[in-house]
Amino acid sequence: MTNLELFVLVPILILLLLTQSMLLFVDAKKKGSYPWLWGIWGLIQLPMPTLFYLLFVVWPYKRRLKKGRS
């Protein structure tokens, strides 16, 4: 990998990780499910925290809301 590629890829990766972390933190805070855990984990890896967040927080939250309305 050349230096030019590194100068392009590293800032893009940093922006993606920060964006993911902030979005996970804010949404987890709204749903009341360990926002610091999701925010820190979102800074470390790229796709997996978002997928696990959808699986373990968002879908059960939606199911609970649906059950409450019925």
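Cut-off values and rules
Residues numbered from 1 in each chain as written. Predicted model: local features only at pLDDT ≥ 70, side-chain atom pairs only at ≥ 80, totals over all residues. Heavy atoms only, no water. Helix = DSSP H or I, 4+ residues; strand = E, 2+ residues; numbered from the N terminus. Rg over C-alpha atoms; globule rule 2.2 N^0.38 Å. Contact = heavy atoms within 4.5 Å. Areas by Shrake-Rupley, 256 points an atom, 1.4 Å probe, with all protein chains shown as cover. Salt bridge = Lys/Arg side-chain N within 4 Å of Asp/Glu carboxyl O. Core = buried A, V, L, I, M, F, W, Y, C linked by side-chain atoms within 4.5 Å. Buried < 20%, exposed > 50% of the residue type's maximum accessible area, 1.4 Å probe, protein only. pLDDT = per-residue confidence, 0-100.

Student: Which residues make up the overall build of the chain, and what are the values?
Tutor: Looking only at helices and strands, the chain has three helices and zero strands in total. Each helix and strand of the chain, placed in order from N terminus to C terminus, yields the pattern α-α-α. Its C-alpha atoms give the chain a radius of gyration of 16 Å, clearly above 11 Å, the size a compact globule of 70 residues would have. In terms of overall dimensions, the chain has a C-alpha envelope of 60 × 15 × 15 Å along the principal axes. Look at the contacts in the chain between residues 6 or more apart in sequence, and 48% of them connect residues 24 or more apart. Carbon and sulfur atoms make up 74% of the accessible area of the chain, which totals about 5800 Å².

Student: Report on the side chain of Gln-20, specifying residues and quantitative values.
Tutor: Tracing the chain through its elements places Gln-20 in helix 1 (residues 3-31). The residues touching Gln-20, leaving out its near neighbours within four places in the chain, are Gly-42, Gln-45, Leu-46, Pro-47, Pro-49 and Thr-50.

Student: Got a sec to walk through the pattern of salt bridges? Specific residues and values, please.
Tutor: Side-chain pairing between opposite charges can occur once the charged atoms of the two side chains come close. In the structure shown here, the tally under the stated rule is one salt bridge. A salt bridge links Lys-31 to Asp-27; its shortest N-O distance comes to 3.1 Å. Of this pair, Lys-31 and Asp-27 both sit in helix 1, four residues apart, roughly one helical turn.

Student: Pulling in residues and values, what's your account of the nonpolar core?
Tutor: Nonpolar side chains tend to gather and get buried jointly when the protein is soluble and globular. If you look at the biggest cluster of nonpolar residues, it comprises six residues: Leu-24, Ala-28, Trp-38, Tyr-53, Val-57 and Val-58. Counting residues per element, the ones that place at least two in this core are helix 1 and helix 3 (47-69). With three residues, the single largest contributor to this core is helix 3. Leaving out residues up to four positions away in the same chain, Trp-38 has contacts with Leu-24, Ala-28, Ser-33, Pro-49, Phe-52, Tyr-53 and Val-57.

Student: Got a sec to walk through the environment of Trp-38? Specific residues and values, please.
Tutor: Within the fold, Trp-38 resides in helix 2 (residues 35-44). Trp-38 gets classed as buried once you look at its relative accessible area, which sits at 7%. The spacing of Trp-38 and Phe-25 is 13 residues in sequence and 5.9 Å in space, taken between C-alpha atoms.

Student: Explain the confidence of the model for the chain to me, using residue names and the numbers behind them.
Tutor: On average, residues of the chain carry a pLDDT of 93, and 99% of them reach 70 or more. In the model of the chain, helix 3 stands out as the element of lowest mean pLDDT, 92, in contrast to helix 2, which has the highest, 96.

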